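Remarks on the overall topology
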Amino acid sequence: MRDLTALPDLQLALVQSELAWHDPAANRTHFEALLAPLEGVDLVVLPEMFSTGFSMDSARLAEPENGPSTVWLQEQARRLQAVVTGSLIIQAADGSYRNRLLWACPDGSLVHYDKRHLFRMAGEHKHFAAGEEQVLLELKGWRVRPLICYDLRFPVWSRDPHGTDLLLYTANWPAARRQHWNRLLPARAIENLCYVAAVNRVGEDGRGHAYSGDSQVLDFQGEALLDAEAAAGVFRIALSGAALAGYRERFPAYLDADDFDLKP
């Protein structure tokens, strides 16, 4: 395990909001107003499918790579001098539709993660292609691994073989199963000895499904450092690198973890 003693604090902004159904332009305008006052942040996190709501109408709603919502993310990242991330419906270069998280950096560069576990109870697996690779990103020396919504239920995919410091979940997780969300997130933090930040939406979507929010940040012991509950807004928190380093030194359970390989 690498030395984390000099890891600087990481400034997060979690954006919990309602989403305009199938209206990317309205959502971009809404989020731009929410982000406008932000200063001094390192990472801004938007919900899953932030431009449309959680929709299976992939053929109609998909934007091309480098489409308007991608360009908008890059503009926000450049203006804020922070990474801005969230997922949206993208038609990939191979023609497939992806629930794709974009990681937009201030210098204009982009990295993406495609949702691995597609929510079959909503038919997501019939309208989207699944991702095949985990993605590990670095920000100010922090190792950040993004995942999307239903991925949370699969501990092998969430399990950390990389020394991850922050697991990041972006979601449209319905209120009907909020208990699962609130129990699984602490488990992921505890078993991976890392911080977990999770952003959900609030309100009701175009199909009448309600969302309770519960965006939150948990420490490496599964303790809540921030809980937005059902409130809409932008929630800020600083993560301590020193606290993470100290806990891993005192309780190095990762040394006894099982080795395994993931199949593509």
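Residues numbered from 1 in each chain as written. Predicted model: local features only at pLDDT ≥ 70, side-chain atom pairs only at ≥ 80, totals over all residues. Heavy atoms only, no water.

Looking at an unreviewed UniProt entry, one finds the chain named Amidohydrolase, with Pseudomonas lalucatii as its source organism.

**Describing the pattern of salt bridges**
Tallying each qualifying case throughout the model produces 13 salt bridges. In this structure, Arg98 and Asp114 form a salt bridge, with 3.6 Å as the shortest nitrogen-oxygen distance. Linking Arg98 in strand β5 (residues 97-104) with Asp114 in strand β6 (residues 110-114), this pair joins segments that are 16 residues apart in sequence. Here Arg178 and Asp214 are joined by a salt bridge, their closest N and O atoms 2.8 Å apart. On the criterion of sequence distance, the pair formed by Arg178 in helix α6 (residues 178-192) and Asp214 in the loop between β12 (210-212) and β13 (216-218) is long-range, its members being 36 residues apart. Assessed through its relative accessible area of 39%, Arg178 is described here as partly exposed. We classify Asp214 as buried; its relative accessible area is 2%. Salt bridges here are not isolated pairs; linked through shared partners, they connect Glu65, Asp94, Arg98, Arg100 and Asp114. (Salt bridge = Lys/Arg side-chain N within 4 Å of Asp/Glu carboxyl O. Helix = DSSP H or I, 4+ residues; strand = E, 2+ residues; numbered from the N terminus. Buried < 20%, exposed > 50% of the residue type's maximum accessible area, 1.4 Å probe, protein only.)

**Description of the nonpolar core**
With 47 residues, the main nonpolar core has Leu12, Leu43, Trp103, Leu166 and Leu239 as its most contacted residues. Among the elements that make up this core, the one with the highest residue count is strand β10 (residues 195-199) (five residues). The residues contacting Leu166, other than those within four sequence positions of it, are Leu10, Leu12, Leu43, Arg143, Val144, Arg145, Cys194, Tyr195, Val196, Ala197 and Leu239. (Core = buried A, V, L, I, M, F, W, Y, C linked by side-chain atoms within 4.5 Å. Contact = heavy atoms within 4.5 Å.)

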